[in-house]
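# A closer look at the structure
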Amino acid sequence: MAAADIAPGPNDGAPVLIDGNVLAAKALSRFGVDRMFGVVGIPVTSLANRAVSLGIRFIAFHNEQSAGYAASAYGYLTGRPGVLLTVSGPGCVHGLAGLANAMANTWPVVMISGSCDQKDFGRGDFQELDQIEAVKPVSKFSAKARTINEIPRCVAQVLDHAVAGRPGGCYLDLPSDVLHQTVTESEAESLLAEAEKCRLKEEITNVLSSQIEEAVTLLRQAERPLIVFGKGAAYARAENELRKLVESTGTPFLPTPMGKGLLPDTHELAATASRSLAIGKCDVALVVGARLNWLLHFGEPPKWSPDVKFISVDVSKEEIELRKPFMGLVGDAKRVLQAINKEIKDDPFCLGKSHPWVEAISKKAKENVSRMEAQLAKDVVPFNFLTPMRIIRDAISGVGSPAPILVSEGANTMDIGRAVLVQTEPRTRLDAGTWGTMGVGLGYCIAAAVASPDRLVVAVEGDSGFGFSAMEVETLVRYQLPVVVIVFNNGGVYGGDRRSPEEISGPYKDDPAPTSFVPNAGYHTLIEAFGGKGYLVGTPQELKDALLKSFAARKPAVINVIIDPFAGAESGRLQHKN
Ligand SMILES: Cc1ncc(C[n+]2csc(CCOP(=O)(O)OP(=O)(O)O)c2C)c(N)n1
Ligand SMILES: *[C@@H]1O[C@H](CO)[C@@H](O)[C@H](O)[C@H]1NC(C)=O
Ligand SMILES: [Mg+2]
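Each chain has its residues counted from 1, following the order in which its sequence is written. Naming scheme: in the order in which they are written, chains are lettered from A and ligands are numbered from 1. Local features in this predicted model are restricted to residues of pLDDT 70 or higher, and side-chain atom pairs are both shown and tallied only at a pLDDT of 80 or more, whereas totals for entire chains, interfaces and linings draw on every residue. Side-chain measures here rest on the full set of heavy atoms in the structure, leaving out hydrogens and waters.

As recorded in an unreviewed UniProt entry, the protein goes by the name 2-hydroxyacyl-CoA lyase, listed as coming from Punica granatum. UniProt positions are given in the numbering used here, feature names are shortened, and annotations may be inferred rather than shown by experiment. The record held by UniProt for the protein lists under Function (unreviewed entry) the comment "Catalyzes a carbon-carbon cleavage reaction; cleaves a 2-hydroxy-3-methylacyl-CoA into formyl-CoA and a 2-methyl-branched fatty aldehyde." The UniProt entry for the protein carries the following comment under Subunit (unreviewed entry): "Homotetramer."

The following block contains the structure:
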């Protein structure tokens, strides 16, 4: 708004003044922010209110941790930085969890925190903390507006850095004295315009055509090629290019957990169910937007063959330098795959269904699937993990397109869910991720519902995982989000008390085990406290009915599924790490 547009007020002629809160809200809106997640309080309440009045949807949480997880998942799902707003000191500290988890997952997020009055810093001011120092290990860039004039430029910088190169977390510090300084409307306009001019352009790194040729030659000459892809490829929206590459060359593929759905799990070249053979025997692995970290066994023997040649496609040069693959192609996954597909088109090759490698993979997969299906087909009551998981899988398939977004956390619950539940569309799975973080569930559900209002959101959560952020069920109800949270209630972390006799002694031996919660807890009643719908189920028919009703209603619901506390295994699939 130009100053001239303002209706004349009582002090006719005097310039209209706006404060730092208004200017920050204006900058966020001007630079493309449409959603914010957070918890308000001194000194940022007015910033949140002003943002809303400028058309930004503000999702108010109970805890900054969940809001931070939500903001980062929103960044991942939309490709634009998610924004988390917190108060100073403890609010910022809670938000660190969101920043750190975003860094581990390489998702773009911006945390904006109010901070204490600059002149009182070091004297024990209200909620005082050196926030710039606190965010250092968990962010890629931070900025502090020391005067109101710096606000627009700082906002632009953090938004740009969050998505530049490898996405990650950025931080903006807004001291309370700065939020209360004022400038005139016209000064604000020129500050905003100036900041806009300095915005970073997206850097496009072009891979050398000689490198593309070399990569294609490696794939062409491979006897047992494999294409592995992860959430980096999902973030780059490389699904069409991946499908073209997989199908034109007949190469088996393996998604990482959040890569699932870029190509449908049901695809005939999916090697998920023959994972051990695929990674153990492949001779060339094209790894797209996935890091060779613990989730992929560091790309090392004994899981991988000692002779495997990795071709890594990654947006980060540092990642390639760290892993030292046989070949590294630094660039955006979508662009690099386009170049690879183009190179192949001139001289196509395809393994074909009867190729011994493709046949071996598909044979192993079929064996694994039929073993699993035989287990899944049984109706086991009291519930093990498999029976309810099958019923949930079938209910989710029944929804059709657009497919629901699946959120999952827990140990057994998440691991078994990953094997049983089917992903058919890109970016429809959010789970504990690279960091194995419990507590992400409700925040991810809220982000998914906000980012994709046309999709149902279904969470499959262990009771421990759920408990980390369970109060956010009120947030689901308050915003009436179409989220159905299914809690696998086995009475604790991994389930029942599995301690050996020698672990049960000492003065506190009669305390509940460190892994145990109250048995048969009424998690479904939590959401009822806020007017949401709760279901308690213990049999296949009860679960089917609850899913049918809650999926059709598309309203916030919690389904409390009572599971045999001794089904499953300690630590799920990660026993060797415990
Ligand atoms: C932030 C965080 N704290 C603690 C852990 C350790 N941890 C791993 S899985 C898990 C919970 C497993 O229990 P539950 O969610 O009930 O799943 P179940 O195995 O019982 O299905 C915990 C606490 C973690 N991964 N992250
Ligand atoms: C069997 O399939 C599941 C997923 O469907 C997978 O996690 C597991 O690794 C497979 N087993 C082998 C031996 O490949
Ligand atoms: Mg549990």
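## Here's the deal with the sheet that holds strand β11 (residues 284-288)
Judged by pairing direction, the sheet is parallel, and its five strands sit side by side in the order β10-β9-β11-β12-β13 without closing on themselves. Two strands lie at the open edges of the sheet, namely β10 (253-255) and β13 (327-330), each paired on one side alone. On average, adjacent strands in this sheet sit at an angle of 15° to one another, irrespective of strand direction. DSSP calls a pair of strands paired once it identifies at least 2 bridges connecting them. Starting at the N terminus, helices and strands are each numbered in turn, a helix being any DSSP run of H or I of at least four residues and a strand any DSSP run of E of at least two. When strand β9 (residues 225-229) meets β11, the two strands line up parallel, connected through five bridges. Paired with V228 across the bridge in β11 is V287. The strands that helix α11 (residues 239-249) touches are β9, β10 and β11; relative to β9, the one it contacts most, it runs at about 165°. Here a residue-residue contact requires only that any non-hydrogen atoms of the pair lie within 4.5 Å. Axis geometry follows a simple rule: fit a line to the C-alpha atoms, using only the stretch in contact for helices, then measure angles between N-to-C directions, giving values from 0 to 180 degrees. Each of β11, β12 (309-314) and β13 touches helix α14 (residues 333-345); the most contacted strand, β11, lies at about 140° to it.

## Overview of the UniProt feature "domain: Thiamine pyrophosphate enzyme N-terminal TPP-binding" (unreviewed entry) in the protein
The UniProt record annotates "domain: Thiamine pyrophosphate enzyme N-terminal TPP-binding" (unreviewed entry) at residues 23-133. The annotated region residues 23-133 carries 46% helix and 18% strand content, and the separation between its end C-alpha atoms amounts to 25 Å.

## Looking at the confidence of the model for the protein
pLDDT runs from 0 to 100 and stands for how confident the predictor is about each residue. Averaged over every residue, the pLDDT of the protein is 95; the share at 70 or more is 96%. Confidence drops under a pLDDT of 50 for residues 571-578, and excluding neighbours within four residues, the segment shows 16 contacts in the predicted structure.

## Examining the pairing of strand β17 (residues 483-489)
Within β17, seven of the seven residues are buried, which leaves the element mostly enclosed by the surrounding structure. Partly exposed describes any residue whose relative accessible area lies between the buried limit of under 20% and the exposed limit of over 50%, with all areas from a 1.4 Å probe on protein chains only and scaled to the type maximum. Of the two faces of β17, the one carrying V483, V485, V487 and N489 and the one carrying V484, I486 and F488 are both buried. Where strand β16 (residues 457-462) lies against β17, six bridges are found, and the strand directions are parallel. Opposite V457, over in β17, you have V483 as the bridge partner.

## A word on the coordination of the magnesium ion (ligand 3)
For Na, K and Ca the donor cut-off is 3.2 Å, and for all other metals it is 2.8 Å, counting N, O and S atoms only; because water is absent from this set, sites may look incomplete. Of the protein atoms, only D463 (OD), N490 (OD1) and G492 (O) coordinate the magnesium ion (ligand 3), at distances of 2.1 Å. Binding-site remark: the magnesium ion (ligand 3) is held by donors from one chain whose sequence spacing is D-x26-N-x1-G. Separated by 29 residues along the polypeptide, D463 in helix α19 (residues 463-467) and G492 in the loop between β17 and α21 (523-528) bring together distant segments of the chain. Taking the relative accessible area as the measure of exposure, D463 reaches 1% and is therefore buried.

## Focus on unusual backbone geometry
With an omega of -5°, the peptide bond running from V381 to P382 counts as cis. Locating P382 in the fold gives a position in the loop between α15 (356-377) and α16 (386-399). A cis amide bond links S401 to the next residue, P402, at an omega of 0°. Its location among the elements puts P402 in the loop between α16 and β14 (405-409). The backbone of R237 sits at a positive phi, close to 55°, despite the residue not being glycine. Tracing the backbone shows R237 in the loop between α10 (231-235) and α11.

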